[in-house]
Amino acid sequence: MNYLKNIKRSVFWKFILLYIIKPIYDFVWTYIINIHAKIMLISWKPKNKDYFNLNMNNQLIIRDDERISNVANELSKICTEDFLNKSREEMKTNSQYSQELFDKLDNNTKEKIINFASSELIINTVARYLGVFPVLSRIYFYHNIPNPNGEDEVKAQKWHKDGMGYKGLDFFISVTDIDLNNGPLFFLKKNNPLGSFSRIENALLNPVRGERNKISNEEFIKIYNKSNIDSIVGPKGTCVIVDSYNCYHKGGYLLKGDRIMLRIAFDTIDSTVLNFDEEKYKSDSIFYYNKKHISSVNNKFLKFLHYKRSSFIKFFRISQKLLRFYQLLHFKIGSRNEQQ
Ligand SMILES: [Fe+2]
């Protein structure tokens, strides 16, 4: 077993993955698993050809973009002191430091967010990155406060990749100004071309619930120095686009103040989030917003974007099997084999 582990730490294995296994799997992922989404993309002819260019990287920070600032300003108007006070009290009562408020927004605002998430600008950006037409999987409106229990950095606040799919793209848009006190999102700027086929080896020992495969700050900075790390620090309307399945990131740790953030997530039919949502979020309108709208969505692209699921993948638990396949082949990143 140790012999196998050593191979998976070796530069030799890294090259086999990078130049043989990954290109083959990329082809299978695009032209077999996601063939429907590929055909959709080929027939997608948007009027507006604009997009945010990730340049083959799995993250991008956008500052001062009017279209994004408009969304952030609109949302910040809704976050009145009353609205936030109510949310703060609820969190304190439940000993939480984070709450999801999308459902509490009025229908008009929800509609605006969904329209933005379904706009050609956003679809073009995601489709270009994924190489196939995306599925809009989740929209979250997070409110975070300092942990009322005074605990140290917890769960999402430690370095990790979200192990729920092969490729996806999340838009994080700050609705409050963000500095180092109110918990910026941090992400690794250094591109990781192996993405889902790699994992940092020394995860937390004895992880508590939600900490599996998470990496302590101390371990992380042994591998990547500070110049490789960026954050969403900046005025409201700053946006980080990140493939959270491929790029190491961590939620910020709030020392004081509030943080409000819109998160719009895009996936493909093989991401587990598209399958576990039905059971877990049966009555949750974040995933099934506008259900009544289904019959009225006659645009085939919108229908795909909002509602595409694969019963075949779900029935045979293909998503879970694929995740195990990536894990099996993982290149193990450590301070010895990753240059800073
Ligand atoms: Fe995450």
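Fair warning: this is a prediction, and the values are worked out from it, not measured in the lab.

Calculation criteria
- Residues numbered from 1 in each chain as written.
- Predicted model: local features only at pLDDT ≥ 70, side-chain atom pairs only at ≥ 80, totals over all residues.
- Buried ≥ 20, exposed ≤ 12 C-beta atoms within 10 Å, placed from the backbone.
- Helix = DSSP H or I, 4+ residues; strand = E, 2+ residues; numbered from the N terminus.
- Pairing = 2+ DSSP bridges.

Asks: How do you make sense of the pairing of strand S4 (residues 169-174) when you look at a structure like this?
Replies: Within a regular beta strand, the side chains point alternately toward one face of the sheet and then the other, so they alternate between its two faces. Here S4 lies mainly inside the structure; six of its six residues are buried. In S4, alternate side chains face the same way, and those of Leu169, Phe171 and Ile173 on one face and Asp170, Phe172 and Ser174 on the other are all buried. Bridge count between S4 and strand S10 (residues 259-267): six bridges; the pairing is antiparallel. Each residue of the ladder has a partner; that of Leu169, found in S10, is Phe266. Here S4 pairs with strand S8 (residues 239-242) via four bridges, running antiparallel. Residue Phe171 lies in a different strand from S8, and its bridge partner there is Ile241.

Asks: What is the right way to read unusual backbone geometry from this model?
Replies: Leave glycine aside and you will find that most residues have negative phi; peptide bonds, for their part, are mostly trans. In the Ramachandran plot, Asn55 falls in the positive-phi region, its phi being about 50° despite a non-glycine side chain. Position of Asn55 among the secondary structure elements: in the loop between helix H3 (35-43) and strand S1 (59-62). Note on Asn55: 8 C-beta atoms within 10 Å, which makes it exposed. The backbone of Met56 shows a phi angle near 70°, a positive value even though the residue is not glycine.

Function-wise, these values are silent; they only describe arrangement.
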